[in-house]
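A look at the structure
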Amino acid sequence: MPAILKIRGITKTYPGVRALQDVSFDVERGSIHAIMGENGAGKSTLMQIIAGAQRPDSGTLEFDGREVRFASPAEAQAVGIAIVYQELNLSPNLSIAENVFLGLEPRAAAAFVDRKTLRAKTSAILNQLGIHFDPDTIVGHLTVAQQQLVEICKSLVRNPRLLIFDEPTSSLSEADSRILFRVIADLKAHGVTMLYISHRFPEVFANCDVVSVLRDGKHVRTKPMSSTSEAEVVSLMVGRELLAFHRQDPAPSREVMFEVRGLTKRRQYSDVSFKIHRGEIVALAGLVGAGRSEMALGVFGCPPPDSGEVRVQNQPVRIRRAQDAMRAGIALAPEDRKTAGLVLGASVGTNISMAALPRVARGFFVNRTAERTLIGHFVSRLSIRTPSYEQRAGLLSGGNQQKVMIAKWLAVQPKCLIVDEPTRGVDVGTKAEIYTLFDELARAGVPILMISSDLPEVLALADRIIVMRQGRITGELTRAEATEEKIMHLAALGTDNVPRE
Amino acid sequence: DKPKTFALVPKSISVPFYADVEKGCKEEAKKLGVQILYTGPNTADEAEQVEILKDIVARGVNGLAIAPMNADSVIGVIAEARKKNIPVITFDSDSPNSQRICYVGTDNLQAGREAGKAFKKLLPKGKYAILTGGLAAANLNERIKGFKEIVNGSDYTEISGSPFPCEDDAVRGVQIVQDVLTRYPNLDGFFFSGGWPLFGAPEAYVKAIGKRAADIKANKFVVVSFDTLPEELKLLKDGNCSALIGQRPYAMGVKSMDVLNDLSNGKPGENVNTGVDVVEASNVDQFLK
Amino acid sequence: MNPEIASPDRKVGPSTWSRILAIREVGSLAALVIMLLVLTVTIPQFGQWGNLVNITRNFSFVGIVALGMTLVILTGGIDLSVGSIWGMTAVLTASLMSQGWLIAPAILVGLLAAAAVGLFNGLCVTRLHMSPFVPTLASLSIARSLALIITHGRPISNFGPQKQAFYWIGGGDIGGVPNPFILFVVMAIIFWIVLSRTVWGRRVYAVGGNEKAARLTGLNVRRLKVSVYIISALCAGIAGIVQASYLSSVTASLATGQELSVIAATVIGGVNLSGGEGTIFGVVIGTIMLEVLRNGLLLFGIDPYWQGVFVGAIIVIAVSLDRFRKSVGRD
Amino acid sequence: MNPEIASPDRKVGPSTWSRILAIREVGSLAALVIMLLVLTVTIPQFGQWGNLVNITRNFSFVGIVALGMTLVILTGGIDLSVGSIWGMTAVLTASLMSQGWLIAPAILVGLLAAAAVGLFNGLCVTRLHMSPFVPTLASLSIARSLALIITHGRPISNFGPQKQAFYWIGGGDIGGVPNPFILFVVMAIIFWIVLSRTVWGRRVYAVGGNEKAARLTGLNVRRLKVSVYIISALCAGIAGIVQASYLSSVTASLATGQELSVIAATVIGGVNLSGGEGTIFGVVIGTIMLEVLRNGLLLFGIDPYWQGVFVGAIIVIAVSLDRFRKSVGRD
Ligand SMILES: Nc1ncnc2c1ncn2[C@@H]1O[C@H](COP(=O)(O)OP(=O)(O)OP(=O)(O)O)[C@@H](O)[C@H]1O
Ligand SMILES: Nc1ncnc2c1ncn2[C@@H]1O[C@H](COP(=O)(O)OP(=O)(O)OP(=O)(O)O)[C@@H](O)[C@H]1O
Ligand SMILES: [Mg+2]
Ligand SMILES: [Mg+2]
């Protein structure tokens, strides 16, 4: 098959970082082409170059047989290239319809927006995805996952011939991801070429035809999916074999380290109760909007629940705001690193030490040596790829930003750790690293509550799995009894009776 | 029946000069048994002044005295007031093209000439600078015009950059005095068209003239300023300035009330020149009471 | 299919009360209505035709400029130069007419000069990536200086051969309704329609909501931003010309410091200074509120030294009402 | 552990040149140095001790207030009330002394009044969730009005029994260096250490960078914000008192409009108005630049009508230099 896109010798350097180095490969027309690589390997940078959002230092792109040189995203769109960025790019103050058709607004007369058509066309595209939002809903009121779906709609209406997905599923639940895969299959049937980035191997192998691997900004290899294996791709990515992570059963303990009793907040979650014992990692599973994140924030006092009790090591703690929770030794790494987790404009080092400042301070003053030691420890422990500790966090690759956020919360040495989607956008190698860390922490007696929509991760790491649906706990499974199907049933229907067909 | 109400609108209520006008008119109003509506913009703003005047005319008063920021922009509202049979006079600054009945206040051109005479008497020739409030203030420009009518010819040179505007701000006034003396250490004279650095920053002013203070006493450096507020008189007494040209704000307030009262009783009114005081080292004790 | 996402089943139907509270401007509108009621009841002169004509004319000048400012603030910017542009345009147009120009070309040149300052602001923001504060502060200084250079400190009150016609623009009325007010209403309606109905208007909101997203979507963010600064400058220029005509004489200090009043009207009307949020209706209310406040304090005969205290207190109370609405409406 | 990733192996060593350019303040510092060089070379009087003393004293007042403003802007806020607080505190302290109070209690009461206004600003922002523009604008109006009420329009120049001692505070010098400058330098150093070295200072940046993240990090965002508004008000109060002492007479209009100069100094010094970015060093440079500019134009004997044009142009050029640095440093 002829190539629709020829990438030739692309090089891109940021201050202190060579993001891409002489990358060349072809993308076949009508294929779904996976791009894989570690965090910071240069995947997003390459995609941004193809989409016209960045300009390469050198190298050329050939699209549809003609050399192209995009000065702006608009020019790339004009030739039929659309992209779903890794980070959300929506105007929170506008409606879904306005966001989806931004730049392509249907016009009534002259300069006026044809609002009827706008709404109808948006409904149509939403229906095509099988989601039934009101097109007039203000995007700021949606959850991250819902916004991600809107992003996807936005790229679809541009009728692209080449569509780029940069980690589209990182904030989608399993169920929502399936919607996306259906759309992808549909687009492929219509001859659309796709570039697909993800750190989730199963979906890549299930959906893609070809994979290109990047390592340290260089193109390593391009192979048909059918002639490669997960292990081979991993070793191409990291340049060595990875040890599989395997969590051993914890020493059985009845000592309750962390407990939540009857936590309730009107319209968000009600009567949530659970315990975590010494050494345990408990996962909280559920679909988008199940109220898991809200509940976790409630435990952290942001905002505090209407009723219910939180106990740390059997001591009730009164939590009205984050300070109270932190004083009780609770740490919460939130779901959305961009808005709630990091100060993107501040340096990597500042972000890592931010929550733990009192630990590295003498009186009012920050002890800068102690601070640097602390930062250095986590940068190497979590393999955070940054040219220096002074680099602005917002300039790191998505996965590295996520690692900075995890580091920030590990640095406080919590008595109880809550992590919300901790490995969103993190590559396989580092994932294993993070799992090992959690494992060690749990063994050291820190109870861990992990909210995750990544079922393989839940199954690999959790000793117990609690499932929530519509703000309530619908069931609990031990590691031994848990399967993906059972969890999905509890999450979607509230029962774990897997029907036999 | 209800006592009469007269309104008095200065350019801005935060200018010290008008505080004395206010005092004068309030004391006179008590004597006459009339009420006073004293109001004006917080900072000098010609459009806001017109707005306030319009409001007063709409509200209705028995007489109106105005110190216009801009002589011609009040023409319309004065006409409106006259149509409603409200007698209108101007004080402090005039609006000659309007239907105001008369003007109570200083003749600024004449006062400027007085300043020029005092200056010329002490300094027969030399290099001088002028400090003014805003470059667009009509009454100050009149004073400068009058001053220059007297102080002109080949004996005098005005330094480049003059007149220096301090935006009616004492701090900037002092800064300008400092900077000008730095640049022209041998300057022979200074004319202030208003007393900002003197009444607003006396000690700082004394520091700013620094060594030149001795020259003032010896009439080798001449500083003539407008206004005769107590702070300024004290500086003159101590030999830190040469002469002061004083308007009579208190009298302006009193006379404005008298004229308005006459007018509202159907008597005719005519221009009142409240005159100026020329205060020099010789007669300063008279004014320092 | 995922029923959880599909139907927002946990959504509770809003009550009528919270529906009303959900309208953005209810808070400021309520504050305004209360003020109007109090004034009408306690001061007989307040409701008189003559006073109403004054009020409407007075807020029209600030109002016209606030419309343009709204666009700038919606894109996440700020324009400190409006007061100076206002003064500069008034002085320039007046000066041209006093040199014998006819109305039309004099106004045209005045507005072109205003637009040039707006263009400068816009280019500094978009090309030199300056915080909008910096170039508009520079323009504040430059435009005022130009006004001084034009007048050389003298008031201009001779408006040339067509002066009677020119006086009518700002001083006249149509059926008793003052012209500046009519102009303001017409402009407000146009701005309202443009912002809420046109492609360009929606893009203004998009840029203010998330500039990066707008750029990545292929919008010409630069051109849009430059255009809002030009419009803001033009609005200031229009206000200047109309006010010059109304005052029938101008000095170089016209409208000094008015940028703060204009921004205040905008913000009190609920426009979010970080961009993307706010409506023309709110700005109109904010503008009216400030002027009614000023007028009311004067009619009440409040000691002028105390007026500032009242103005400040009422601004805070009015805006609190709005916050109160939001917090109730949110629950 | 993966050493390849741990040590940033793809790091491209920055050249010395780009290292220098990477220092935030290089742009504004360069602009300042150029200005100083031009002035020293062309105007002999510029470098004279007397002139330097004047300059340093002059910028110290704005500088002191800019330090407090920096904190507010770093948290993402703005304080428009500083000019009025400055005037109000000066007038209040002076008036108390003229009634026979001693220096210490008069200053204390003055500063308490300033702090009260700051507290009001802070509470409106944090408790009533107002845009900082609104309550500080209200305070601008209220504090100025209070100053007018205290003075009733008259200057106060009788500073009571201890007036000679009081004059020394702002008018005196230590070894020829004017006291206000010494105070400014000491305060700048303290602010610099606090911002860069203390836990509290770090938190100020965090709140400005991402308020939500800061809250979720357990910072007491409200208390922190209230405290910066109080500090800003106190700085304005200190400037007012020291300036009153230097001037030896105060009127109610003292420092009217100075909020714009203060904000300008801050922004020209590279502080980002949306919060989280900026340094005390930059602010000091910005402050000096504005005053040197004013002084320089006067010494040059520039036509006063044209001065505004120069001020505006040089502000834009100075800030452009900074942008230029950034764009070169970035590449
Ligand atoms: N604007 C920028 N400025 C400086 N460095 C950048 C910038 N954008 C990306 N980088 C750096 O370039 C490298 C490649 O980043 P990129 O985002 O392409 O990685 P990625 O492969 O997408 O990683 P991830 O899987 O974590 O998303 C990283 O080291 C990153 O820190
Ligand atoms: N069906 C729905 N449609 C729209 N919004 C919903 C729906 N259900 C819940 N929400 C909103 O979603 C939020 C709760 O989602 P939350 O993020 O707590 O769930 P979660 O289980 O953590 O989901 P996620 O997988 O996205 O992390 C609430 O703000 C709620 O208003
Ligand atoms: Mg990426
Ligand atoms: Mg969640």
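Residues numbered from 1 in each chain as written. Chains lettered and ligands numbered in written order. Predicted model: local features only at pLDDT ≥ 70, side-chain atom pairs only at ≥ 80, totals over all residues. Heavy atoms only, no water.

**Some thoughts on the overall build of chain B**
Within chain B, the secondary structure is distributed over 12 helices and 13 strands. Taken over C-alpha atoms, the radius of gyration comes to 20 Å for chain B, in line with the 19 Å a tight globule of 289 residues would show. With the C-alpha coordinates of chain B rotated into their principal frame, the extents come out at 65 × 35 × 30 Å. Expressed as a percentage of its 289 residues, the buried residues of chain B come to 63%. (Helix = DSSP H or I, 4+ residues; strand = E, 2+ residues; numbered from the N terminus. Rg over C-alpha atoms; globule rule 2.2 N^0.38 Å. Buried < 20%, exposed > 50% of the residue type's maximum accessible area, 1.4 Å probe, protein only.)

**With respect to the domain arrangement of chain A**
Residue and element names in this part refer to chain A. As assigned here, chain A comprises domain 1 (3-238), domain 2 (243-329 + 414-501) and domain 3 (342-407). Domain 1 and domain 2 are separated by 32 Å when their C-alpha centres are compared. Across the contact, 20 residues belong to domain 1 and 14 residues belong to domain 2. Between domain 1 and domain 2, roughly 1,300 Å² of surface is buried when both sides are summed, and carbon and sulfur atoms account for 59% of that area. The largest share of the area that domain 1 buries against domain 2 comes from N39, E174 and H199, three residues that together contribute 33% of it. (Domains from an automatic or database assignment. Contact = heavy atoms within 4.5 Å. Buried area = accessible area lost by both parts, 1.4 Å probe.)

**Some points on the nonpolar core**
Counting residues in each nonpolar core, the largest one holds 287 residues, and the members touching the most others are L64, V180 and F190 of chain B, W86 of chain C together with W86 of chain D. Judged by nonpolar contacts, the second largest core, of 86 residues, contains L284, I330, L342 and A411 of chain A. (Core = buried A, V, L, I, M, F, W, Y, C linked by side-chain atoms within 4.5 Å.)

**Considering the interface of chain C and chain D**
Buried accessible area, meaning the area lost when the parts come together, often serves as the stated size of an interface. Taken together, the 41 residues of chain C in the interface contact 40 residues of chain D. Interface of chain C and chain D: buried area, both sides summed, is about 3,200 Å²; carbon and sulfur atoms make up 79% of it. Ranking the residues of chain C by area buried against chain D places F133, L260 and Y305 of chain C at the top, with a combined share of 19%. Our enumeration of links across chain C and chain D arrives at 0 salt bridges. The tally of links between chain C and chain D comes to 8 residue pairs in polar contact (both at pLDDT 80 or more). Among the secondary structure elements, those contributing two or more residues to the side of chain C that touches chain D are α6 (103-127), α7 (133-151), α13 (258-268) and α15 (304-330) of chain C. (Salt bridge = Lys/Arg side-chain N within 4 Å of Asp/Glu carboxyl O. Polar contact = N/O pair within 3.5 Å; in protein donor to acceptor, adjacent residues only side chain to side chain.)

**Here's the deal with the coordination of the magnesium ion (ligand 4)**
All names here are of chain A. Donor atoms from the polypeptide that coordinate the magnesium ion (ligand 4) comprise S293 (OG) and E335 (OE), at 1.8 to 2.4 Å from the metal. Of this pair, S293 sits in helix α9 (residues 292-299) while E335 sits in the loop between β16 (330-333) and α11 (337-341), placing them 42 residues apart in sequence. The exposure class assigned to S293 is buried, which follows from its relative accessible area of 16%. By relative accessible area, E335 is classed as partly exposed at 26%. (Donors = N, O, S within 2.8 Å, 3.2 Å for Na, K, Ca; no water.)

**Comments concerning the site of ligand 1**
Residues and elements named next belong to chain A. Of all residues adjacent to ligand 1, which total 21 residues, the nearest are K43, S44, T45, S397 and G399. Within the contact set of ligand 1, an oxygen atom lies 2.9 Å away from a backbone nitrogen or oxygen of G42. Here ligand 1, which alone exposes 630 Å², has 91% of that area covered by the protein. Secondary-structure elements contributing two or more residues to the shell around ligand 1 are β2 (17-28), α1 (43-50) and α14 (398-410). For the shell around ligand 1, the residue count by class is 6 nonpolar, 12 polar and 3 charged. Each of domain 1 (3-238) and domain 3 (342-407) contributes no fewer than three residues to the shell around ligand 1. (Near = heavy atom within 4 Å. Areas by Shrake-Rupley, 256 points an atom, 1.4 Å probe, with all protein chains shown as cover. Nonpolar A, V, L, I, M, F, W, Y, C, P; charged D, E, K, R; others polar.)

**Overview of the packing of aromatic side chains**
If you walk through the whole model with that rule in mind, you get 24 aromatic pairs over all chains. A centroid spacing of 5.3 Å and a plane angle of 85° characterise the contact between F159 of chain D and F166 of chain D, whose relative ring orientation is edge-to-face. Here F159 of chain D and F166 of chain D have matching classes, each one buried. Ring pairs connect the aromatic residues F119, Y128, F147, Y156, F191 and F226 of chain B, which therefore count as one cluster. Sitting above the plane of the F226 of chain B ring, R143 of chain B keeps its charged end 4.2 Å from the centroid. Its end group placed over the ring of Y184 of chain B, R183 of chain B keeps NZ or CZ at 5.3 Å from the ring centre. (Phe/Tyr/Trp six-rings, centres within 6.5 Å; stacked < 30°, edge-to-face > 60°. Lys NZ or Arg CZ within 6 Å of the ring centre and 35° of its normal.)

**Brief notes about the interface of chain D and chain A**
If you look at the interface, chain D gives 31 residues, while chain A gives 47 residues. Taken together, the two surfaces of chain D and chain A that pack against each other cover about 3,200 Å², and 54% of this comes from carbon and sulfur. Taken together, chain D and chain A are joined by 1 salt bridge. Between chain D and chain A we count 7 residue pairs in polar contact (both at pLDDT 80 or more) in total. Listed by contribution, the elements that provide at least two residues to the side of chain D that touches chain A are α1 (3-6), α9 (179-197), α10 (199-209), α11 (211-216) and α15 (304-330) of chain D. Examining the composition of the side of chain D that touches chain A, we find that 5 residues originate from one element, α10 of chain D, more than from any other. Partitioned by chemical class, the residues of the side of chain D that touches chain A number 11 nonpolar, 9 polar and 11 charged.

**Observations concerning the coordination of the magnesium ion (ligand 3)**
Residue and element names in this part refer to chain A. The protein atoms that coordinate the magnesium ion (ligand 3) are S44 (OG) and Q86 (OE1), at distances spanning 1.9 to 2.1 Å. Of this pair, S44 sits in helix α1 while Q86 is found in the loop between β6 (81-84) and α3 (96-100), placing the two residues 42 residues apart along the sequence. Both residues of the pair, S44 and Q86, count as buried.

**Details of the sheet that holds strand β4 (residues 58-63) of chain A**
All names here are of chain A. Strand order in the open sheet made by the 4 strands is β2-β1-β4-β5, with antiparallel pairing throughout. Edge positions in the sheet fall to β2 and β5 (66-68), since each of these pairs with one other strand and no more. Each adjacent strand pair in this sheet contributes to an overall mean axis angle of 25°, direction not counted. With 8 bridges joining them, strand β1 (residues 3-14) and β2 adopt antiparallel strand pairing. (Pairing = 2+ DSSP bridges. Axes fitted to C-alpha atoms, helices over the stretch in contact; angles between N-to-C directions.)

**Considerations on the arrangement of the chains**
Between chains C and D lies the most contact-rich interface of the 5 pairs of chains that touch. No part of chain A reaches chain B; the closest C-alpha pair between them is 37 Å apart.

**Quick word on unusual backbone geometry**
Cis geometry marks the peptide bond from C302 of chain A to P303 of chain A, where omega comes out at -5°. With respect to the helices, strands and loops of the structure, P303 of chain A is situated in the loop between α9 and β14 (307-312). A cis geometry characterises the amide bond from S162 of chain B onward to P163 of chain B, with omega recorded as 0°. You can see P163 of chain B is positioned in the loop between β7 (156-158) and β8 (164-165). With phi around 65°, D92 of chain B is a residue other than glycine that occupies positive phi space. By the element assignment, D92 of chain B lies in the loop between β4 (88-91) and β5 (102-105). One non-glycine residue with positive phi stands out, namely S248 of chain C, at about 60°. Here S248 of chain C is to be found in the loop between α12 (221-247) and α13.

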